[in-house]
Amino acid sequence: MAGNLVQGALFTVMVVRAGMLRDAEFEDELARQIERSPRFFQNAPVVLDLKSAEAFATAEEFVRARELLRQYTLALVGVQNALPAQIEAASAAGLASFAPSAPQPSRRQASAPTPEPAPPAAERASRAPTRLVTEPVRSGTQIYARGTDLVVTAAVSPGAELVADGNIHVYGALRGRALAGASGDAGARIFCSRLEAELVSIAGRYLVSEQLPQEQRGFPVEIALVDEQLTITRN
Amino acid sequence: MAKVVVITSGKGGVGKTTTSAAFAAGLALRGHKTVVIDFDVGLRNLDLVMGCERRVVFDFINVINGDANLNQALIKDKRNDNLFIFPTSQTRDKDALKRDGVERVLEELKQQFDYIVCDSPAGIEHGAITALYFADSAIIVTNPEVSSVRDSDRIIGILASRSRRAERSEPPVELNLLLTRYDPMRVAKGEMLTVEDVMEILSIPLLGVIPESESVLRASNTGTPVSFDEDSPAGRAYLDAVARFMGEQREMRFVKPERRSFFRVLFGKA
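Residues numbered from 1 in each chain as written. Chains lettered and ligands numbered in written order. Predicted model: local features only at pLDDT ≥ 70, side-chain atom pairs only at ≥ 80, totals over all residues. Heavy atoms only, no water.

Caption draft 1: Here's a closer look at unusual backbone geometry. Residue and element names in this part refer to chain A. With phi around 55 degrees, Asn-81 is a residue other than glycine that occupies positive phi space. Relative to the helices and strands, Asn-81 resides in the loop between β3 (75-80) and α6 (84-92). Judged by its relative accessible area of 22%, Asn-81 falls in the partly exposed class. In this model, Ala-203 sits at a positive phi of 50 degrees, which is unusual for a non-glycine residue. Looking at the secondary structure, you find Ala-203 in the loop between β12 (199-202) and β13 (205-208). (Helix = DSSP H or I, 4+ residues; strand = E, 2+ residues; numbered from the N terminus. Buried < 20%, exposed > 50% of the residue type's maximum accessible area, 1.4 Å probe, protein only.)

Here it is in structure tokens:
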């Protein structure tokens, strides 16, 4: 069944050079073009070309770029010509990376720069290296481990968000949100050494802080999806 | 090498301006040539707390725009020769803080001063980001309550990702926590977070704990940095914090509930 889920397809995608976003005239010009043919641009996917735009280096930058384009009805889906650090930052902002410089399996390179649905986590988990975070994850920060597991060796603050297509491990207090199996892997699990989360979710099923059993709070736990139910067991 | 120190918090009303004034005054008292800059454009307060509001002619924005030079705008403190105040504009807004202009002014200040203390506005918008962007060191001012702690956490994340040091992959901005408006009695009653609670969430070094004290309000209203008032617990706590900032070891005072009785005997009900 998994084989049928992943199908290749070719799309036409607009490419915006990252440098242009900093140009004051860019927005005006974009607004004029969109006014001429609004339906063509409605929710149109856009890829950000990072060639000679090293300044784009943080997830926030990408989130801002996405918000800017969003104002003009464009949907930023990914980046191309990104440096490794930029790929990481873009990924943290939930953006895909398109070839040529993306270190990805050759099958994906061959079809690039074509956006394709992310393959299920289970299929990719063995290939992508685990995302490791050793600093505290501060409020307002979002970390997305695309197609892989996420391991945090520090505390996760209230207002921070961890998202992984695979499992999430927190070797510290989990006080923010944790969403494992974000692209649908119901086998993903969340582990933490201290459960104080605002929200935990696996494959779209979630529990908010209020619904977490009081007797599990503050303890090391493992959270799994059993018979469609989020189940918390103390470790 | 001159050091740029930003006093920031995310949340408003936690004591950034009081801390900026007291901290800058504390550095000056130790003989360091220090300037304190008001980044809160449009809500100019630092000059009041420093007691120099009647001497403001030119301001930070005038200098950024090239309408005045630095020495026309800097105000020398009347109580300490090492201390200078750089007021901001009350009529403009944060958009007047152009990053390259701020950089130019800071570079110029670095030629004259040992420490440049930046009093950040509240929030995480342009004004606050500009205030922290060039920092070498940050003092995170936090009150012992949950919303202040969360906002501080957010600001720490921003310092780690959006400061110039972060963008250039230089050694990160040095982070220190200053817990203000701390009331050991209310902490003992469970009405305020304990030092340990705050430390556990923020996990950055603790520079000091400033007790809630009438002397802070009195100092603000009389235009005196509270660290000039060595008889007040808050003033002494600020001087301790400055000493720790300079690398000295000092015992943490005004923190533990059991110290409360000692504290009350000495100073009366705080």
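Caption draft 2: Quick peek at helix α12 (residues 233-245) of chain B. Residues and elements named next belong to chain B. The first and last C-alpha atoms of α12 sit 18 Å apart over 13 residues, in line with the 18 Å expected at 1.5 Å per residue. For α12, every residue scored as buried is listed here: Pro-233, Ala-234, Gly-235, Ala-237, Tyr-238, Leu-239, Asp-240, Ala-241, Val-242, Ala-243, Arg-244 and Phe-245. Gly-247 lies just past α12 and shows a positive phi near 100 degrees. (Expected span 1.5 Å × (residues − 1).)

Caption draft 3: Representation of the confidence of the model for chain B in the model. Residue-level pLDDT values for chain B average 93, and 95% of them are 70 or greater. Among the scores for the predicted complex, ipTM is 0.76 and pTM is 0.70. (pLDDT = per-residue confidence, 0-100.)

Caption draft 4: Structural detail: the packing of helix α7 (residues 146-162) of chain B against helix α10 (residues 195-202) of chain B. All names here are of chain B. One way to put it is that α7 packs onto α10 with a least axis distance of 10 Å and a crossing angle of 30 degrees. Comparing the axis directions of α7 and α10 gives the class roughly parallel. When the axes of α7 and α10 are compared, the crossing they make is right-handed. Residues Val-149, Ser-152, Asp-153 and Ile-156 of α7 lie in contact with α10, whose contacting residues are Val-198, Ile-201 and Leu-202. (Axes fitted to C-alpha atoms, helices over the stretch in contact; angles between N-to-C directions. Parallel < 35°, antiparallel > 145°, perpendicular 65-115°, else oblique. Left-handed = near helix turned anticlockwise from the far one by under 90°. Contact = heavy atoms within 4.5 Å.)

Caption draft 5: How the structure looks around the pattern of salt bridges. For the coordinates displayed, the defined rule picks out 27 salt bridges over all chains. With its nearest N and O atoms 3.2 Å apart, the salt bridge here joins B:Arg150 to A:Glu198. Highlighted residues: B:Arg150 in helix α7 and A:Glu198 in the loop between β11 (190-195) and β12, drawn from two different chains. Of the residues examined, A:Glu198 reaches a relative accessible area of 24% and is grouped as partly exposed. The residue B:Glu191 makes a salt bridge to B:Arg186 at a minimum N-O spacing of 2.8 Å. Overall, the relative accessible area of 46% leaves B:Glu191 in the partly exposed class. B:Arg186 gets classed as partly exposed once you look at its relative accessible area, which sits at 36%. Through salt bridges with shared partners, one network takes in B:Arg30, B:Asp240, B:Glu248, B:Arg250 and B:Arg253. (Salt bridge = Lys/Arg side-chain N within 4 Å of Asp/Glu carboxyl O.)

Caption draft 6: Spatial organisation of the pairing of strand β4 (residues 83-86) of chain B. Residue and element names in this part refer to chain B. Neither face of β4 is open: one carries Leu-83 and Ile-85, the other Phe-84 and Phe-86, and all of them are buried. Relative to β4, strand β2 (residues 34-38) runs parallel, the two sharing four bridges. If you follow Val-36 over to β4, its bridge partner there is Ile-85. Pairing between strand β3 (residues 75-76) and β4: two bridges, direction antiparallel. Paired with Lys-76 across the bridge in β4 is Phe-84. The antiparallel pairing of β3 with β4 creates a hairpin that spans six residues between the two strands. (Pairing = 2+ DSSP bridges.)

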